[in-house]
Amino acid sequence: MTCSHELKQKDWLPSDNEILKLHPYCSKCGSVKNISSMGAVSAGFFTNILARIKSDFDKKGYKISQAQIRLVMKELEAREAFDKFSLSFEAQKMIFIDVVSKYIKISRWKIEEYL
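Residues numbered from 1 in each chain as written. Predicted model: local features only at pLDDT ≥ 70, side-chain atom pairs only at ≥ 80, totals over all residues. Heavy atoms only, no water.

Trainee: Would you mind going over the environment of L115 with me for this structure?
Mentor: You can see L115 is positioned in the segment after α4 (108-114). Leaving out residues up to four positions away in the same chain, L115 has contacts with F45, F46, I49, K93, F96 and I97. (Helix = DSSP H or I, 4+ residues; strand = E, 2+ residues; numbered from the N terminus. Contact = heavy atoms within 4.5 Å.)

Below, the structure written as structure tokens:
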């Protein structure tokens, strides 16, 4: 379930480099807003990555089905991997690698090459 995120408060929390910074957070759900320089990307970015993986694998004779791609996208949505409010690109990347390697027989480092 997605939240409409109402930002009214800020709290001192450690940032990526362990320095305390004011982080806004949602007063409804409590999610902390990502303030890193590398913001999250949309679902289209990951859909394009999956299309490139499928294209490359089809050329090599290994077929990736549409069902596998749908399963990957469905699980990414269920894990809320496209939440641009609280996730950084690095967090999205780790979720994406976990999910893709679960449904498609491809190594983690190979998936990372596409990102």
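More follows now that the structure is in view.
Trainee: Even after reading the chapter, I still don't get the packing of aromatic side chains, so can you show me in this structure?
Mentor: Centre-to-centre distance and the angle between the planes together describe a pair of aromatic rings. Counting across every chain of the model gives four aromatic pairs. Following the ring pairs from residue to residue traces out a cluster consisting of F45, F46, F89 and F96. The residue whose ring lies beneath K60 is F57, and the NZ or CZ to ring-centre distance is 5.9 Å. (Phe/Tyr/Trp six-rings, centres within 6.5 Å; stacked < 30°, edge-to-face > 60°. Lys NZ or Arg CZ within 6 Å of the ring centre and 35° of its normal.)

Trainee: I would appreciate a short explanation of the nonpolar core in the present structure.
Mentor: In a soluble, globular protein the nonpolar side chains are often hidden away together inside. Formed by 24 residues in total, the largest nonpolar core has its most connected members in L50, L76, F96, V100 and I106. Put simply, the parts of the chain that give this core at least two residues each are α1 (43-59), α2 (66-78), α3 (89-103) and α4. Top element by residues in this core is α3. It accounts for six residues. (Core = buried A, V, L, I, M, F, W, Y, C linked by side-chain atoms within 4.5 Å. Buried < 20%, exposed > 50% of the residue type's maximum accessible area, 1.4 Å probe, protein only.)

Trainee: Where do I start with α2 in this structure?
Mentor: It helps to recall that an α-helix has 3.6 residues per turn; residues three or four apart then point in one direction. Across its 13 residues, α2 extends 18 Å between first and last C-alpha, which sits within 8% of the 18 Å expected from 1.5 Å per residue. Those residues of α2 lying buried are Q68, I69, V72, M73, E75 and L76. Buried positions in α2, seen along its axis, are confined to an arc of 165° and lie on one side of it. For α2, exposure combined with an orientation more than 90 degrees from the buried face picks out R70, K74 and A78. Among the structural elements, α1 and α3 are those in contact with the buried residues of α2. Just downstream of α2 lies E80, where phi reads positive at about 55°. (Expected span 1.5 Å × (residues − 1). Arc of directions from axis to C-beta.)

Trainee: How do you make sense of the packing of α2 against α3 when you look at a structure like this?
Mentor: Axes are the key here: two packed helices are described by the angle between their axes and the distance separating the axes. It is at 9 Å that the axes of α2 and α3 come closest, and there the two elements cross at 145°. Handedness of the crossing formed by α2 with α3: right-handed. Every residue of α3 that contacts α2 at Q68, L71, V72, E75 and L76 is listed here: I95, F96, V99, V100, K102 and Y103. Tallied by class, residues from the contact of α2 with α3 come to eight nonpolar, one polar and two charged. (Axes fitted to C-alpha atoms, helices over the stretch in contact; angles between N-to-C directions. Left-handed = near helix turned anticlockwise from the far one by under 90°. Nonpolar A, V, L, I, M, F, W, Y, C, P; charged D, E, K, R; others polar.)

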